[in-house]
Amino acid sequence: MLDYKIVEGVNLHIAKTPKFKDVNIEVVFSKQLDGVDDVYYYGLCQFMEDSCMLYDTKQKVSDILDELYGAKLNVKIEKRGQLLILRFVSSVMNGKFVHKDLLSEQFKLLAAFILQPKFYDDSKGRHLFAEMKEILRLNIQAINDNPASYASVRANEIFGDMLQKHCIYSLEDVEKMSYELLYQKYQEMIQSMAIDIFIVGDVDERCCLKQVKENFAFTERKTNKQLVYLNEREDAIEICESRKVTQSNLVQLYTCQKVSTSKDYASMIIGNGIFGMLPTSLLFQEVREKNSLCYSIYADFKIYDGIIKVATSFDIKQRDRIEMLIAEQLKKVKDGAFSEELLNTTKQMYINNYRQSEDSAASIIWNAFRESIIHDERTTEQIIKDIAAVSKQSIQEAFKDVTLKVTYILVQEGESHDQTC
Amino acid sequence: MIKHVNDTFEETYYEGRCDNGLRVVIWHKPDYHTSSCLFAVPYGSLDLKQIDQKGNVICMPSGIAHFLEHKLFESDHSDVMEEFSKLGCNVNAFTSYTETCYYFDTSAPDIDDPLELLLDFVQSLNISEASVEKEKGIIDQELQMYLQMPDSRIVFESFKALYHHHPLRNDIGGDHDSVYATTKQQLEACYHMNYHPCNMFLIIATPIDPEHLFKVINDNQKRKQFGDFIPLARYLEIEPKTVYKPNVHIKMDVEMPRVALAIKLAVNTDDIMKKLKDEWILRMILETHFSSMNADFQKWIDEKKISPLFYCDNENAKDHALMIFVDETADAQAFVAFILEQLQLLRDKTIDEQSLAQMKNRHFGSVMRIFNRVENITIQHFRNMVNGLDIFELLKLIESISVEDCYALYQNLDLSHQAVIVIDKNDENC
């Protein structure tokens, strides 16, 4: 990846590769997550993805994307660790396949959507604002209608700390939104958020640099991006709520005092792989394969949050067995009561996954973004070396602080009442 | 092996066939680290009743193809998943209405061992009564999971409403009763009838030398014995033109009600190419009219005729054809009336030259994008191969569609067989 500083706070990163048929360009805006007015950033995604001044109707947007051979242009929001990230993601066929200069068209398209949103026509802007609110309402309802995602959001809310700020907005937040504040948030995004531009594809670096300078005259900005955050919670809590669903959902959140920058990060990753991230993991093998208690169960180590999340769906009658089995598997990892064979298999799987990530444009971009923030200059080969060095003892040491803090169960109605268990 | 080179896309693949009938395709992707291998059989949940050339009909419980996938994947003699993991490979499997696929991907520079493992575990079935019984609880939980998702539930309920007898009315995994009724003997019978090399496809996309891999595959197959291949066809009872249930009302714990208008279309030809072309024609007509390509689309959203989450889809398969329009709205009646009005308007308009050209541009790009991921190449190639063409021929087929083709197809569509499915809020939500 070649890195260029355009101005203070605005950086360009180019990965030249012949692998992909298209050119992927992402313009990434990021700021520290404060949990204030987050709904506006979700709103900006909808507002800015829909149309812009140059392509001011959905039809015109559709036309230009098809003119560029079914190009993709999306605006996405992500919350990772203590960062709020807005990504303008574009993918356009490499012009060499159709003997056209599609790269400059791609830059113009991105610039039109990022720099000329519909705020600059008050009537059209307000019209789009009303539609944006409707979409935000529908999106939150869709999350609530999916029991597994609802349970996940509730567990984060109950945990508190930074995780609570990862929760999506509420319907009340949407109702209170104002057009003026949305515009103010847009201005803040353009003027003060950190900007990273990523280009992945078979491109000429000098041409890309020229295009960036011509299309994006971003001003200097002071940035201090902090990605990782160690979530904390003093007491442990169990909450049961009920809904008319066909299956109960369990989400457990554990603190672990480890993040991606921790020195024993590799041990934590492999330990979690043994615990619950893979089909060979103890959770999958014991809860699903040996006891047939669920279809899916996993433990996800949130590497920027210092959290392990365990989630599964099951018949509520089996709740005690499932919780007991999860606790037993965690104890096995803490005690080092797993085979060398499982340890080696887990290492193999992660080494494979690291190498495979180099075949995905999205992974290449995220890895570069992460590296630029946490100043992680380790190569894939160095990471693989760290993984290979993980031992049973280092996993025990890394896992010693893993502590259950939140248990949230969404129960099939009729089986229990809303209450603190 | 036969080498196929496409200069436009800068892609190369090799095609060969083992002596036992197994068809092998290897895409050479020298710039990639990842190899992806897919071993697939065109046997899915719709094939629960099959007929041989003598007219014998074999009936199985619904969901048996999916059950077989679960069991085959978990051999009683060894843990297949663990074996693959030891080799640094991600392995998985899935069953759809028409296919069962087993696949792994890995960045290992040598894939001889996992490739042989894939061939060996799919080509042998060793199950016990106990392991079959154990699997039933897992599958039942999987089915329950999908039942509580309103977006997948409304599609499943639409198929159920349209068809009297066609197996599309069954969920891919079957239901609680059919899963618990499935026996070890039935699973073994299904396996031996369908998992014959003559009926299977191995598709690989890899940076590794294709000639070497073909030798590994061929040598592996030479070591195995298979019985004679007895071709089976999907057996279908005569399906009335009418829909099974014109109105279906379901209560779920949802905040926003969902509605689907499903239309059962006639199956007019046995010619697979014609069906495929018709499917693309109808897709392009619907995509052009019921999307932002249509200037009225914004007006429909503004006037709340549809919500921004509206979508439509169509299918023109071997033995069934349908269209479906889905939205989130509390006024199902108004939504249905609006869609039917638009479908009627399309009789005159259908599609113009400019829109058709735009659709072709769009799909040229979407086909090109398949080549960005080795996993996409294998599954897309398999699906096209079952239809008798490759990815490039599919593009030619799309390119060959004319406005006249579109007009002719749409004028002859009988849109009168409709079902309306509503997922409504429970009366008392928590």
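None of these values were measured; they are calculated from a predicted model.

**Q** Even after reading the chapter, I still don't get the overall build of chain B, so can you show me in this structure?
**A** Regarding its fold elements, chain B presents 15 helices and 15 strands. A compact globule built from 430 residues would reach a C-alpha radius of gyration of about 22 Å, and chain B, at 23 Å, matches this within 12%. Seen through its C-alpha atoms, chain B measures out along the principal axes to roughly 65 × 55 × 50 Å. For chain B, the proportion of its 430 residues judged to be buried stands at 43%. By sequence separation, contacts in chain B at least 24 residues apart represent 80% of the contacts at least 6 residues apart.

**Q** Hey, could you run me through the interface of chain A and chain B in this one?
**A** Where the parts come together, the accessible area they lose is often given as the size of the interface. With 53 residues of chain A in contact, the opposing surface of chain B contributes 54 residues. Secondary structure elements with two or more residues in the side of chain A that touches chain B: α2 (58-67), α4 (122-145), β7 (237-243), β9 (294-302), β10 (307-314) and α13 (340-356) of chain A. Among the residues forming the side of chain A that touches chain B, the class breakdown is 18 nonpolar, 17 polar and 18 charged.

**Q** What's the story with the packing of helix α10 (residues 265-277) of chain A against helix α16 (residues 392-399) of chain A in this structure? I'm lost.
**A** A pair of packed helices is characterised by two quantities: the angle between their axes and the separation of those axes. All names here are of chain A. Contact pair α10 / α16: the axes reach a minimum separation of 8 Å and the direction vectors enclose 90°. Taken as axis vectors, α10 and α16 run roughly perpendicular relative to one another. Taking contact as the criterion, the partners of S267, M268, I270 and G271 in α10 are, on α16, S394, I395, E397, A398 and F399.

**Q** Please clarify how the packing of helix α1 (residues 38-50) of chain A against helix α8 (residues 179-192) of chain A should be interpreted in this entry.
**A** Residues and elements named next belong to chain A. Closest axis-to-axis distance for the α1/α8 pair is 10 Å, and the angle between their directions is 85°. In terms of axis orientation, α1 runs roughly perpendicular to α8. Taking contact as the criterion, the partners of Y40, Y41, G43, L44 and F47 in α1 are, on α8, L181, L182, K185, Y186 and M189.

**Q** Would you mind showing me how to read the nonpolar core here?
**A** Proteins that are soluble and globular tend to have nonpolar side chains buried together. One finds L110 and I199 of chain A together with L38, F39 and L118 of chain B to be the most contacted residues of the largest nonpolar core, which totals 193 residues. Other than its neighbours up to four places away in sequence, L118 of chain B contacts C37, F39, Y102 and F104 of chain B. Listed in part, the 46 residues of the second largest apolar core include L162, Y163, I281 and L356 of chain B.

**Q** Any chance you could explain the domain arrangement of chain B here in plain terms?
**A** All names here are of chain B. Here the domain parsing of chain B yields domain 1 (2-234) and domain 2 (247-425). Using C-alpha coordinates to define each centre, domain 1 is positioned 28 Å away from domain 2. Contacts between the two partners involve 31 residues from domain 1, matched on the other side by 28 residues from domain 2. Broken down by element, the side of domain 1 that touches domain 2 gets its largest block of residues, eight residues, from helix α5 (residues 150-162). Residue composition of the side of domain 1 that touches domain 2, by class: 19 nonpolar, six polar and six charged.

**Q** What is the right way to look at the domain arrangement of chain A in this model?
**A** Residues and elements named next belong to chain A. Under the domain assignment used here, chain A contains domain 1 (2-215) and domain 2 (237-420). When each unit is reduced to the centre of its C-alpha atoms, the spacing between domain 1 and domain 2 is 30 Å. Across the contact, 24 residues belong to domain 1 and 23 residues belong to domain 2. Secondary-structure elements contributing two or more residues to the side of domain 1 that touches domain 2 are β2 (10-16), β3 (22-32), α5 (147-159), α6 (161-165) and β6 (194-201). By residue number, the principal contributor to the side of domain 1 that touches domain 2 is α5, which donates nine residues. Looking at the side of domain 1 that touches domain 2 residue by residue, the class counts come to 14 nonpolar, five polar and five charged.

**Q** Explain the sheet that holds strand β4 (residues 72-80) of chain A here, please?
**A** Strands belonging to one sheet form pairs held by backbone hydrogen bonds; the direction of such a pair is parallel or antiparallel. Residue and element names in this part refer to chain A. Across the sheet, which stays open at both edges, the six strands sit in the order β1-β2-β6-β3-β5-β4 with mixed pairing between neighbours. On the outer flanks of this sheet lie β1 (2-7) and β4, each paired with one strand and no other. Between one strand axis and the next, the sheet turns by 20° as a mean value, whatever way the strands run. Pairing between β3 and strand β5 (residues 83-93): eleven bridges, direction antiparallel. When the bridges of β5 are listed, K31 appears paired with L84.

**Q** Hey, could you run me through the confidence of the model for chain B in this one?
**A** Detail in the predicted coordinates should be disregarded across regions flagged by low pLDDT. Of the residues in chain B, 98% have a pLDDT of 70 or more, and the chain-wide mean is 94. Reported for the predicted complex are a pTM of 0.93 and an ipTM of 0.92.

**Q** Can you help me understand the confidence of the model for chain A in this one?
**A** All names here are of chain A. Averaged over all residues, the pLDDT of chain A equals 94, while 98% of them reach at least 70. Confidence, expressed as mean pLDDT per element, reaches its minimum in chain A at strand β12 (residues 419-420) with 42 and its maximum at helix α3 (residues 102-115) with 98. Counted against residues more than four places away or in other chains, residues 416-421, with its pLDDT under 50, gives 13 contacts.

**Q** I keep staring at α1 of chain A and nothing clicks. Help me out?
**A** Owing to its 3.6 residues per turn, the α-helix brings residues three or four apart onto one side. Residue and element names in this part refer to chain A. With 13 residues, α1 extends 19 Å between its outermost C-alpha atoms, agreeing within 8% with the 18 Å of an ideal straight helix rising 1.5 Å per residue. When you tally the buried positions in α1, you get twelve out of 13 residues, the bulk of the element. Considered for burial, the residues of α1 that qualify are D38, V39, Y40, Y41, Y42, G43, L44, C45, Q46, F47, M48 and D50.

**Q** What is the right way to read the pairing of β3 of chain A from this model?
**A** Working note: regular strand, side chains alternate between the two faces of the sheet. Residue and element names in this part refer to chain A. Most of β3 sits out of view: nine of its eleven residues are buried. Inspection of the sheet shows β3 paired to β6 by seven bridges, in the antiparallel sense. Bridge pairing in β6 places V27 opposite I197.

**Q** What should I look at first to understand the pairing of strand β12 (residues 258-265) of chain B in this one?
**A** Residues and elements named next belong to chain B. Of all eight residues in β12, eight are buried; the element is thus mostly enclosed. Neither face of β12 is exposed, since R258, A260, A262 and K264 on one face and V259, L261, I263 and L265 on the opposite face are all buried. The sheet contact formed by β12 and strand β14 (residues 321-328) spans eight bridges and is antiparallel. Bridged to L261 within β14 is F325. Pairing geometry for β12 and strand β15 (residues 418-425), over six bridges, is antiparallel. Within β15, the residue paired with A260 across the bridge is I421.

Analysis parameters
Residues numbered from 1 in each chain as written. Chains lettered and ligands numbered in written order. Predicted model: local features only at pLDDT ≥ 70, side-chain atom pairs only at ≥ 80, totals over all residues. Helix = DSSP H or I, 4+ residues; strand = E, 2+ residues; numbered from the N terminus. Rg over C-alpha atoms; globule rule 2.2 N^0.38 Å. Buried ≥ 20, exposed ≤ 12 C-beta atoms within 10 Å, placed from the backbone. Contact = placed C-beta atoms within 7 Å. Nonpolar A, V, L, I, M, F, W, Y, C, P; charged D, E, K, R; others polar. Axes fitted to C-alpha atoms, helices over the stretch in contact; angles between N-to-C directions. Parallel < 35°, antiparallel > 145°, perpendicular 65-115°, else oblique. Core = buried A, V, L, I, M, F, W, Y, C linked by C-beta atoms within 7 Å. Domains from an automatic or database assignment. Pairing = 2+ DSSP bridges. pLDDT = per-residue confidence, 0-100. Expected span 1.5 Å × (residues − 1).

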